[in-house]
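This is what each chain is made of:
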Amino acid sequence: MLKGFIFDLDGVVTDSAKYHLAAWGELAKQLGITLPSTANAALRGRSRMDSLAVILSYGHQQNQYSEAEKENLADKKNQRYLQLIANMTPADILPGINQLLLDAKAQHLKLAIASASKNAPTILRQLKLFDQFDAIVDPASLHRGKPDPEIFIKAQHLLQLQVNEVASFEDASAGIAAINAAGQFSVGIGDAKALAAADYFVANTGLLRFESVTKAFAKWQSALNKRGDG
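These figures come from a predicted structure and were not determined experimentally.

S.K.: Looking at this structure, I do not really get the pattern of salt bridges. What am I missing?
M.R.: Opposite charge on two side chains permits pairing when their charged atoms draw close. In this structure the tally under the stated criterion is 9 salt bridges. Among the salt bridges present, the one from Asp8 reaches Lys146, with a minimum N-O distance of 3.2 Å. Of this pair, Asp8 sits in the loop between β1 (4-7) and α1 (17-30) while Lys146 sits in the loop between β3 (135-136) and α7 (150-158), placing them 138 residues apart in sequence. Comparing Asp8 with Lys146 shows no difference in burial state: the two are buried. Taking the shortest distance from any N to any O, the salt bridge between Asp75 and Arg48 comes out at 4.0 Å. Taken together, the positions of Asp75 in helix α4 (residues 67-85) and Arg48 in helix α3 (residues 48-58) put the pair 27 residues apart, joining distant regions of the chain. With a relative accessible area of 36%, Asp75 lands in the partly exposed category.

S.K.: Help me understand the side chain of Thr205, please; the structure alone is not making it clear to me.
M.R.: Here Thr205 lies in the loop between β6 (200-202) and α9 (210-227). We classify Thr205 as buried; its relative accessible area is 6%. At 2.6 Å, the side chain of Thr205 forms a polar contact with the backbone oxygen of Pro95. Ignoring sequence-local partners within four residues, the contact set of Thr205 consists of Gly11, Val12, Leu94, Pro95, Gly96, Ile97 and Ile189.

S.K.: Any chance you could explain the sheet that holds strand β2 (residues 110-113) here in plain terms?
M.R.: Within a sheet, neighbouring strands are paired by backbone hydrogen bonds and run either parallel or antiparallel to one another. Sheet architecture is open: 6 strands sit in the order β3-β2-β1-β4-β5-β6, paired in parallel fashion. The open sheet terminates on both sides in strands that have one partner only, identified here as β3 and β6. Inspection of the sheet shows β2 paired to β3 by 2 bridges, in the parallel sense. Across the sheet, residue Ile113 finds its bridge partner in β3, namely Ile136. Set on the sheet, helix α5 (residues 97-106) makes contact with β1, β2 and β4 (166-170); between it and β1 the angle comes to about 150 degrees.

Cut-off values and rules
Residues numbered from 1 in each chain as written. Predicted model: local features only at pLDDT ≥ 70, side-chain atom pairs only at ≥ 80, totals over all residues. Heavy atoms only, no water. Salt bridge = Lys/Arg side-chain N within 4 Å of Asp/Glu carboxyl O. Helix = DSSP H or I, 4+ residues; strand = E, 2+ residues; numbered from the N terminus. Buried < 20%, exposed > 50% of the residue type's maximum accessible area, 1.4 Å probe, protein only. Polar contact = N/O pair within 3.5 Å; in protein donor to acceptor, adjacent residues only side chain to side chain. Contact = heavy atoms within 4.5 Å. Pairing = 2+ DSSP bridges. Axes fitted to C-alpha atoms, helices over the stretch in contact; angles between N-to-C directions.

Shape is all these values report; function is a separate question.
Quick look at the structure:
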């Protein structure tokens, strides 16, 4: 039985990813690094330090900085990011998400955020959504980033639910891989080809409907039960 929803933040609840990308782009320029057109996709869903590693790899600068210097670079990017998101409002919530959250709450589902962003609580407060969520995974408590399933497993445990009681939402292929590795029902939002491994897919958040997600989840659960996995 479906009892909880777990959401990535960037690209799912709001498009704060564009601010991340802008801040990384500015840092890259300062370091003399030209980002390829594929950089946006490569950076989505990654932790701060993993994203910095990607940026430095584009400029072949991975070995030019000490760990302390890398931390300083990541902090510099984050300060710029915080400036960029300071003016976010509930108008920045992606289409369909408010209604999905309302419908989930009406059916007494528990809600969690599983984001690699350390700024998730700040963003949720800007969006006036902080009180809607029962749990927010602290990225600092994690040992591995997506596509490792750790963050989704942790969110599930914070909600005190079983693996076959949650549906998790992602817009990045690494995130879908993480959800599937956790054994949870995966909802992909975005590019059909990149998210082909998702159990359920929509092209954008505006197409999300609580009834459609729950129906797809029920079919998935039934298939698990027939295999003896549920």
